[in-house]
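Inside the fold
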Amino acid sequence: MVRKKKRTAAPDRGPRPDHEVIVIGAGFGGLGMAIALAQAGIDDFVVLDRADGVGGTWYANTYPDVAVDVPGIVYQFSFAKNPDWTRTFPKGAEVRQYIDDLVVEYRLAAHLRLRHDVILREWDESKQLWQVGLADGRTLTARFVVSAIGAFVEPRLPDIPGLDDFEGHVIQTQRWDHEYDFDGKRAAVIGTGATSVQLVPALADRVEHLDVYQRRAIWVFAKPDFTIPQFIRTAFRIAPFLQSLVRGVVAAAVEVGLVGITVYGKQVAPLTLIPNWACRAFLFTQVRDRSLRKRLTPTYGFGCKRPSVSNVYYKTFTRPHVDLVTDPIERITPTGIRTRSGVERPIDVLVLATGFEMSQSPAPYRRRPVRGRNGFDLADFYENSRSKAFEGVCMPDLPNHFMVFGPFAWSGSSWHVMVENAMRITTRLITECRSRGASSVAVTDEANDAFFDFISERGKETLMHGRACVDANSYYIDKHGDFGFLRPTTAYQSTRASRRLDMGDFAFQYGPERQSPTEETGRQEVVNR
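Small disclaimer: the values here were computed from a predicted structure and weren't measured. (Residues numbered from 1 in each chain as written. Predicted model: local features only at pLDDT ≥ 70, side-chain atom pairs only at ≥ 80, totals over all residues. Heavy atoms only, no water.)

Secondary structure summary: the protein contains 14 helices and 24 strands in total. For the protein, the residues scored as buried account for 56% of the 529 residues in total. Residue pairs in contact within the protein that sit at least 24 positions apart in sequence constitute 73% of those at least 6 positions apart. Accessible surface for the protein amounts to roughly 23,100 Å². Of this, 52% is attributable to carbon and sulfur atoms. (Helix = DSSP H or I, 4+ residues; strand = E, 2+ residues; numbered from the N terminus. Buried < 20%, exposed > 50% of the residue type's maximum accessible area, 1.4 Å probe, protein only. Contact = heavy atoms within 4.5 Å. Areas by Shrake-Rupley, 256 points an atom, 1.4 Å probe, with all protein chains shown as cover.)

This brings us to helix α4 (residues 194-204). In terms of burial, α4 is largely enclosed, as ten of its eleven residues are buried. Looking at α4, one finds that the buried residues are Thr195, Ser196, Val197, Gln198, Leu199, Val200, Pro201, Ala202, Leu203 and Ala204.

Two numbers describe how helix α12 (residues 415-436) lies on helix α14 (residues 491-499): the axes approach to 9 Å, and their chain directions differ by 10 degrees. For the element pair α12 / α14, the angle class is roughly parallel. Handedness of the α12/α14 crossing: left-handed. Of α14, the residues touching α12 (which contributes Val417, Asn421, Arg424 and Ile425) are Ala491, Ser494, Thr495, Ser498 and Arg499. (Axes fitted to C-alpha atoms, helices over the stretch in contact; angles between N-to-C directions. Parallel < 35°, antiparallel > 145°, perpendicular 65-115°, else oblique. Left-handed = near helix turned anticlockwise from the far one by under 90°.)

This part is about the side chain of Ser147. Within the secondary structure layout, Ser147 lies in strand β7 (residues 139-147). Engagement of the side chain of Ser147 in a polar contact is seen with the side chain of Arg121, the distance being 3.5 Å. Not counting residues within four places of it along the chain, the set of residues in contact with Ser147 comprises Ile24, Arg121, His401, Phe402, Met403, Val404 and Phe405. (Polar contact = N/O pair within 3.5 Å; in protein donor to acceptor, adjacent residues only side chain to side chain.)

Before going further, it helps to spend a moment on the packing of aromatic side chains. The tally for this structure, following the rule as stated, stands at 22 aromatic pairs. Geometrically, the ring pair formed by Trp176 and Phe182 is stacked, given 5.7 Å between the ring centres and 15 degrees between the ring planes. With a relative accessible area of 9%, Trp176 lands in the buried category. Of the residues examined, Phe182 reaches a relative accessible area of 0% and is grouped as buried. Here Phe408 and Phe452 contribute two aromatic rings whose centre-to-centre distance is 6.1 Å and whose plane-to-plane angle is 65 degrees, an arrangement assigned as edge-to-face. (Phe/Tyr/Trp six-rings, centres within 6.5 Å; stacked < 30°, edge-to-face > 60°.)

Phi at Asp65 takes a positive value of approximately 70 degrees, unusual for a residue other than glycine. By the secondary structure assignment, Asp65 is in the loop between α2 (57-60) and α3 (92-105). Overall, the relative accessible area of 40% leaves Asp65 in the partly exposed class. Residues other than glycine seldom take positive phi values, yet Asn400 does so here, at roughly 55 degrees. For Asn400, the location among the structural elements is in the loop between α11 (378-384) and β21 (401-403).

Direction vectors running N to C along helix α1 (residues 28-39) and α12 enclose 40 degrees, while the axes themselves pass 9 Å from each other. One element, α1, and the other, α12, form an angle in the oblique class. Here α1 runs over α12; the crossing is right-handed. Together, Phe28, Gly29, Gly32, Met33, Ala36 and Leu37 of α1 and Trp415, His416, Val419, Ala422, Met423, Thr426, Thr427 and Ile430 of α12 make up the contact between the two elements.

Within strand β2 (residues 19-24), six of the six residues are buried, which leaves it mostly tucked inside the rest of the structure. Sheet analysis places β2 next to β7, joined by five bridges and oriented parallel. Directly across from Val23, in β7, lies its bridge partner Val146. Across four bridges, β2 lies against strand β3 (residues 45-49) in parallel orientation. (Pairing = 2+ DSSP bridges.)

Okay, here's the thing in structure tokens:
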């Protein structure tokens, strides 16, 4: 229930921007935000993306056998459930079709601005507007900006000597070359993360020889991937509540497996050994060679890094033309890769599965600055300060700026739960700002600090801070030692918090010369339901 005090007439909000809202990124986060804005009655918005199409990571990643690594029934919006997933773990093409269907169903095409590369976001305090600079030299203005660039921003090139000297073909997994013919070629893959778990078995089927260079092994468990019978899909379509029921059960299972082990690992330390033993047992069934099995076994505990699933990854290394190389790389030569032991392995094509720059690191914002009020610079913030962001969405010195994936935003159970929470918070604050006639809104320092104290205290109990994770080098932990990549709470807690915003945690500004709202301007008291 919302109780309002008497409101005076809203003052002029200042210059009219090009758009009321600019959303940056047309992946799940950006499209979800666009849907939420439209449903909230906010029509003056655009979604900018530098790519030629929508989908974000699903548009960029088209490498062989790319697929969802969680069950598809939880990898979707709660308000747009797809009854037609053909597999438990949908392939990339199905996910892209789901995304395209969202654009059509919610009539988003008119709001999309593709091939719009944002290189600058800068807050103009005098005009109470955001200046959004594009790579083509144009500048757009907006009252509100939503950053939906995702967790993984830029493909990361490995810092290995000689990479530029290689005379063969180089392919990054995020920019797959579908024209290249792998038949009869000697290939090398650098990296053994989640991408390689999917890619390596598919690539092994095509090449004459494959070397896979591993720095750290990854925990992999059997993948319960099966075709979903037509009668089940029909039942989901006819009786949607059945799919909702199954989705709830699967989401709970995923949350126990990911959040329960990772977030509460120190509290339930003996239980973390169960998935550890299960993965080891699965590896034993796939690889009988003791030496190879040892090299494929991580030296850190289960849950310290994101585990993966595959029925064929481990077994691929038992094939006679596939070699697992754990000797560190010394340099890349014009014709191959030389390791520290002095062995040089010739190759024709080099595949880089070396990950991404994270959105919560300084590097992306050095090249594409984000500057707020009071001299705030997002790159400097991530470089020098602990990552505080209210509910993973707002920062005090970034007024009218919202993040779909900020520090402590993702509960880990479902990406879409996190997106929907950000959608709920963002549209609530934009709507409140508009209804008050305010020119800007920002979370207060006090509320931001209180959230950080709450969430960082929870983070101290995570598995990441235990001895089992010393050797993990996990991106879950940032440079300041905070568990910022995941939210150390349940999805239920994060969703509940997004529904119970207290407007007393936010400062509204009414024009360039006025500061925080007074009682006469109609500050609202929100009563938790």
